[in-house]
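Remarks on the overall topology
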Amino acid sequence: MTHGSDPQPKPSFYRNKTLQVAIRYGLMILLAFLLFAGILLLTGNNPIQSYRDLFAATFGSAYGFSEVIVAMIPILLTALAVALPSRIGLINVGAEGQLFMGAIFATFAALAFKDLPSWLLLPIMVGLGVLGGALWALLPAYFKSIGLVNETITTLLLNSVAPKIAGLMVYGYWHSARETNMTPSFVEAARLPTFFGTRIHLGLVFGLILLAIFWFVMKRTRWGLEMRAIGGNTQAAKRNGIPINAYMLIVFCIGGGIAGLAGMAQVSGFYGLLIPNFSPGYGYMGFLISWLAGGDPLGILFMSFVVSIILTGGNMLQITIALPYAVINLLLAFTLFVVLARPSLPKLHKRKTA
Amino acid sequence: MSLLSILGVLSSAIFSGTSLLYATLGEVVNERAGIVNLGLEGVLLISASTGFAIASKTGNPYLGVLAAVLAGGMVNLLFGYLVVSRKANQLASGLAVIFFGYGLSALIGKPFVGISIKSLPRYILPGLGDLPLRYSSLFKFDVLIFLVIPVAFLVWWFLFRTRWGLGLRAVGENADTAFASGRNPQLIKFQALFVAGLLVGLGAAHLTISFTMNWTEYMTGGRGFIAIALVIFSKWHPLRAIAGTLIFSGAVAFQLLLQVSGIPISPFLLDMIPFVLTLVVLVIWGGTRKQSAPASLGRVYQGTE
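The structure presented is a predicted model; accordingly, all values stated were derived computationally and were not measured. (Residues numbered from 1 in each chain as written. Chains lettered and ligands numbered in written order. Predicted model: local features only at pLDDT ≥ 70, side-chain atom pairs only at ≥ 80, totals over all residues.)

A short note on the confidence of the model for chain B
Put simply, the test is: Each residue carries a pLDDT value, the predictor's own confidence for that position, ranging from 0 to 100.
Averaged over every residue, the pLDDT of chain B is 86; the share at 70 or more is 95%. Reported for the predicted complex are a pTM of 0.88 and an ipTM of 0.89.

Focus on the confidence of the model for chain A
All names here are of chain A. This is how it is decided: Under the scheme used here, helices are H or I runs from DSSP no shorter than 4 residues and strands are E runs no shorter than 2 residues, and both carry numbers assigned from the N terminus. Any residue pair is listed as a contact if its two C-beta atoms, each placed from the backbone, are within 7 Å.
Model confidence for chain A is summarised by a mean pLDDT of 84, while 92% of its residues fall at 70 or above. Across chain A, the element-wise mean pLDDT spans from 42 in helix 14 (residues 345-353) up to 92 in helix 4 (residues 95-112). With pLDDT under 50 throughout, residues 1-6 is counted as low confidence; its partners more than four residues away or in other chains account for ten contacts. Within the model, pLDDT remains below 50 along residues 346-354, and this stretch shows one contact once partners closer than five positions in the same chain are excluded.

Considering the environment of F225(B)
For F225(B), the location among the structural elements is in helix 10 (residues 223-233). On a C-alpha basis, the gap between F225(B) and L125(B) in space is 31 Å, while along the polypeptide they are 100 residues apart. The residues contacting F225(B), other than those within four sequence positions of it, are S160(A) and E41(B).

Considerations on the packing of helix 4 of chain A against helix 6 (residues 151-174) of chain A
Each pair of packed helices gets described by two things: the angle between the helix axes and the distance between those axes. Residues and elements named next belong to chain A. The following threshold applies: Angular values range over 0 to 180 degrees, each being the angle between N-to-C directions of two axes fitted as lines to C-alpha atoms, with helices fitted over their stretch in contact. If an angle is under 35 degrees, it is roughly parallel; if it is over 145, roughly antiparallel; if it lies from 65 to 115, roughly perpendicular; otherwise it is oblique. Crossing handedness is defined as follows: a turn of the near helix away from the far one that is anticlockwise and smaller than a right angle gives a left-handed crossing, while the clockwise case is right-handed.
In the contact formed by helix 4 and helix 6, the axes pass within 7 Å of each other and the chain directions differ by 25°. The orientation of helix 4 with respect to helix 6, classified from their angle, is roughly parallel. For the element pair helix 4 and helix 6, the recorded crossing hand is left-handed. Judged by residue contacts, E96, G97, F100, M101, A103, I104, T107 and L111 of helix 4 engage T155, L158, N159, V161, A162, P163, I165, A166, M169 and W174 from helix 6.

Some details on helix 2 (residues 47-59) of chain A
All names here are of chain A. Stated precisely, the cut-off is as follows: One less than the number of residues in a helix, times 1.5 Å, gives the span that helix is expected to have. To sort residues by exposure, count the other C-beta atoms lying within 10 Å of each residue's C-beta; 20 or more gives buried, 12 or fewer gives exposed, and values between give partly exposed, all with C-beta atoms placed from the backbone. Directions are taken from the helix axis to each C-beta atom, and the arc is the one they span.
The terminal C-alpha atoms of helix 2, which comprises 13 residues, lie 18 Å apart, in line with the 18 Å expected from a rise of 1.5 Å per residue. For helix 2, the complete set of buried residues consists of S50, L54, A57 and T58. The arc that holds the buried residues of helix 2, viewed along the axis, is 90°, so those residues lie on one side. Seen from the buried face of helix 2, the exposed residues on the opposite side, beyond 90 degrees, are I48 and Q49.

Points about the interface of chain B and chain A
Using the following cut-off: Amino acid classes used here: Ala, Val, Leu, Ile, Met, Phe, Trp, Tyr, Cys and Pro are nonpolar; Asp, Glu, Lys and Arg are charged; the rest, including Gly, are polar.
Listed by partner, the interface residues are 35 residues for chain B and 32 residues for chain A. Put simply, the parts of the chain that give the side of chain B that touches chain A at least two residues each are helix 4 (90-109), helix 10, helix 12 (267-271) and helix 13 (273-285) of chain B. Here the side of chain B that touches chain A gets 13 residues from one element, more than from any other, and that element is helix 4 of chain B. Taken together, the residues of the side of chain B that touches chain A break down into 24 nonpolar, seven polar and four charged.

A word on the environment of T234(A)
Residues and elements named next belong to chain A. Looking at where T234 falls in the secondary structure, it is placed in helix 9 (residues 234-239). C-alpha separation for the pair T234 and V93, spaced 141 residues apart in sequence, amounts to 21 Å. Excluding residues that lie within four positions of it along the chain, T234 makes contacts with G89 and I244.

Structural notes on the packing of helix 7 (residues 203-220) of chain A against helix 10 (residues 244-271) of chain A
All names here are of chain A. Packing of helix 7 against helix 10 brings their axes to within 10 Å, and their N-to-C directions diverge by 160°. By the angle between their axes, helix 7 is roughly antiparallel relative to helix 10. Of the two elements, helix 7 crosses helix 10, and the hand of that crossing is left-handed. Counting all contacts with helix 7, which are made through G203, F206 and L210, the residues of helix 10 involved are I258, L261, A265 and G269. Tallied by class, residues from the contact of helix 7 with helix 10 come to five nonpolar, two polar and no charged.

Some details on the environment of K164(A)
Note on placement: K164(A) falls in helix 6. Here the alpha-carbon distance between K164(A) and A190(A), two residues 26 residues apart in the chain, equals 24 Å. Setting aside chain neighbours within four positions, we find K164(A) in contact with F268(B), D271(B) and M272(B).

Below, the structure is given as structure tokens:
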């Protein structure tokens, strides 16, 4: 969490440390794959063949790899939505709800202004998507800033409300003539452009740019310094005249806005319509990714890549070995368990010397 | 609207509320020991699928209940390994348990999709046996429904009237102080989680073996999150949890009544009630909340090394 505030270490040491971290995470992910191999064996499948399929499906072809990137877009954004407020010590469990509100607001624009040209409609959708997510974060941030209710609880509660608003709008007002459980497909002008003939859409650019901005702001600006100060010691920051409440409100709402953007990107870039249960827990995955990466930008990129390999590979496993798609969540869970249960670094050193 | 339809709605509200109350009671127990289990949804799913599988294989619903209860305890022990032994972050571990539950329950439940089972036998409320059949069938409940209120009182008694409960609450308030007074916080946290898992397992068993009588993926449909909301709503108190569940079940019943009577109101709007209500109550309590939540809720006990 306080990674950025460390004094600049010497290059050789730094290189070793990066290597150490890479090896540690590599081993942990390997262990998770071994555990899941046990599950595959128990269910009478050949784990080696299954993993060969999984990696062939994700790394074996350009299209397969592009699908991994497509799966990465929403979780990269929701991870950022959690990581930013975490820098000032706010816990945003609510990316799931903010994602839904972003999707709902963007869908409203896509359906209401469908006659507008693309260059006008898409910015409106982005703006409304961000606004939806930010509004959904405003209430928890406000209550937190006046010291009334903890943001963890309020964001969690609002997570359960937002999908019901989506259901209300889709079933009640927006559904297409033929099917009641989804909106009609968006017009072409309301779709984010895709690249290289794959399903990779502009959302990836949003994610990478925001990641770079996040890194730059935290490392190189006064805002980043003040945010790290608040996250490090709120009282000390307050006495130094940093406007804590303003930071809480603004940073939390920006976080919500990013999650809203993820929702907008998902409905506009990926589905091209809104279904009330379009998220398999992107917000929660984002929370876990941000937490696993300790809010570090490169770590977020890496962890969301790993998680999207698992998610995409799951599709393949479902096709080749007749397991339900949901079973891939086990591989995800094992990865998380192993990382959560990892020995902390000092202990590792102790064991080495012992 | 006939009396019959009103009674029918009440009866189904009781059936849907029971599993919720068990799950809420379970979460009250572990939160009183200072541990937030956001993974309740996952625990419910694993318990429900295990219970259903055993009930279906053996043909004995009570064995199914037993399996569900034990499964709940086991999953919570796994969660305890992460958050107590390994000192992992409770929110992240809880979310990981949710994904674990999605995966494992899909695996366990896969051969049982579309299969129906012999449900728990239902008994008529005493003294109502003389009613005409179409009425009396609405007052037939299984043993888990009859037990849920006594269990709530039992949990209250254990938490507030026994030494074990005192120790458990002490750990939830301040584990270091509890340790200084000769208790073993880690052991107590594990015990609390195990008991909580058993209770959640009862809820899951009722949901799948008695209420729906079938298995589908993701069948809990957010009940775990509703239960977490109800724990806060009931201020971490087992008896107030009864009231909280009644309000929620009332909302469900109200919604069904409106549907029966043909008033067009979206079920989604009513599904928001428990969450919005909890939010409003939290805001109204404001400052007083601090006295009711266990003081070290969610905090990692580092121990004395």
